[in-house]
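Examining the three-dimensional arrangement
In case you want the letters, here they are:
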Amino acid sequence: MALADDVTNRISTNLLRELTNQGSTSATSVNTTVLGYAVADAGAEFKSETGLDLDSSLASHVAAGVVGVIYYLYSYSGVETSTALKQRQRWERLLLKIDSTEGGGRRLLPSTN
């Protein structure tokens, strides 16, 4: 399953409609273009922070990816809110956890004598 599908299956349509159509009070559906941008941005950051491709078959990756997408949707508004900040902090914690258990952060560096 793709990350966009994971997001739409886990987050309410009303919230996604609001976050993907910021500034438009008359929107009646989720803006899939904006959602796609957030998915791409979250996937790219996931890769750069962990060294791994986001794998939608792994629950830990999906959990982090969904939070990342929501963070990016909040950040696109340009308004710093406590909710956006909390999403960013949660996203960073999840990335660090994945990096330390699966990604480059778990590598043992060679020691020099």
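Looking at the overall build of the chain
Each helix and strand in the chain was counted, giving five helices and zero strands. Its C-alpha atoms give the chain principal-axis dimensions of about 65 × 30 × 15 Å. For the chain, the residues scored as buried account for 34% of the 113 residues in total. Long-range pairs, those at least 24 residues apart, make up 62% of the contacts in the chain with a sequence separation of at least 6. About 6,900 Å² of surface is accessible on the chain, with carbon and sulfur atoms providing 51% of the total. Counting 10 positive and 12 negative side-chain charges, the chain places the averaged centre of each group 5 Å from the other.

Observations regarding the environment of F46
Mapping F46 onto the fold places it in helix α3 (residues 32–50). Judged by relative accessible area, which is 0%, F46 ranks as buried. Taking the C-alpha atoms as reference points, F46 and W91, separated by 45 residues in sequence, lie 9.5 Å from one another.

Describing the pattern of salt bridges
Inspection of every chain in the model, using the stated rule, returns four salt bridges. The salt bridge involving D6 is made with R10; its shortest N-O contact spans 3.4 Å. Here R10 and D6 lie together in helix α1 (residues 3–10), a separation of four residues that amounts to about one turn. For R88, the salt bridge identified is with E92, shortest N-O distance 2.9 Å.

A word on the nonpolar core
Ranked by size, the top nonpolar core spans 26 residues in total, and within it V7, L16, L35, V69, I70, L73 and W91 carry the most contacts. Going through the elements one at a time, α1, α2 (13–20), α3, α4 (59–75) and α5 (82–101) are the ones with two or more residues in this core. The leading source of residues in this core is α4, at 10 residues. Not counting residues up to four positions away in its chain, the partners in contact with V7 are L16, L35, V66, V69 and I70.

Re the packing of α3 against α5
Think of two packed helices as two axes; the pair is described by the angle between the axes and how far apart they sit. Interaxial distance between α3 and α5 falls to 9 Å at its minimum, and their mutual angle equals 45°. Relative to α5, the element α3 lies oblique. Note on packing geometry: the crossing formed by α3 with α5 is right-handed. Taking contact as the criterion, the partners of A42, E45, F46, E49 and T50 in α3 are, on α5, R88, W91, L95, I98 and D99.

Definitions and limits used
- Residues numbered from 1 in each chain as written.
- Predicted model: local features only at pLDDT ≥ 70, side-chain atom pairs only at ≥ 80, totals over all residues.
- Heavy atoms only, no water.
- Helix = DSSP H or I, 4+ residues; strand = E, 2+ residues; numbered from the N terminus.
- Buried < 20%, exposed > 50% of the residue type's maximum accessible area, 1.4 Å probe, protein only.
- Contact = heavy atoms within 4.5 Å.
- Areas by Shrake-Rupley, 256 points an atom, 1.4 Å probe, with all protein chains shown as cover.
- Lys, Arg positive; Asp, Glu negative; His and termini not counted.
- Charge placed at Lys NZ, Arg CZ, Asp CG, Glu CD.
- Salt bridge = Lys/Arg side-chain N within 4 Å of Asp/Glu carboxyl O.
- Core = buried A, V, L, I, M, F, W, Y, C linked by side-chain atoms within 4.5 Å.
- Axes fitted to C-alpha atoms, helices over the stretch in contact; angles between N-to-C directions.
- Parallel < 35°, antiparallel > 145°, perpendicular 65-115°, else oblique.
- Left-handed = near helix turned anticlockwise from the far one by under 90°.

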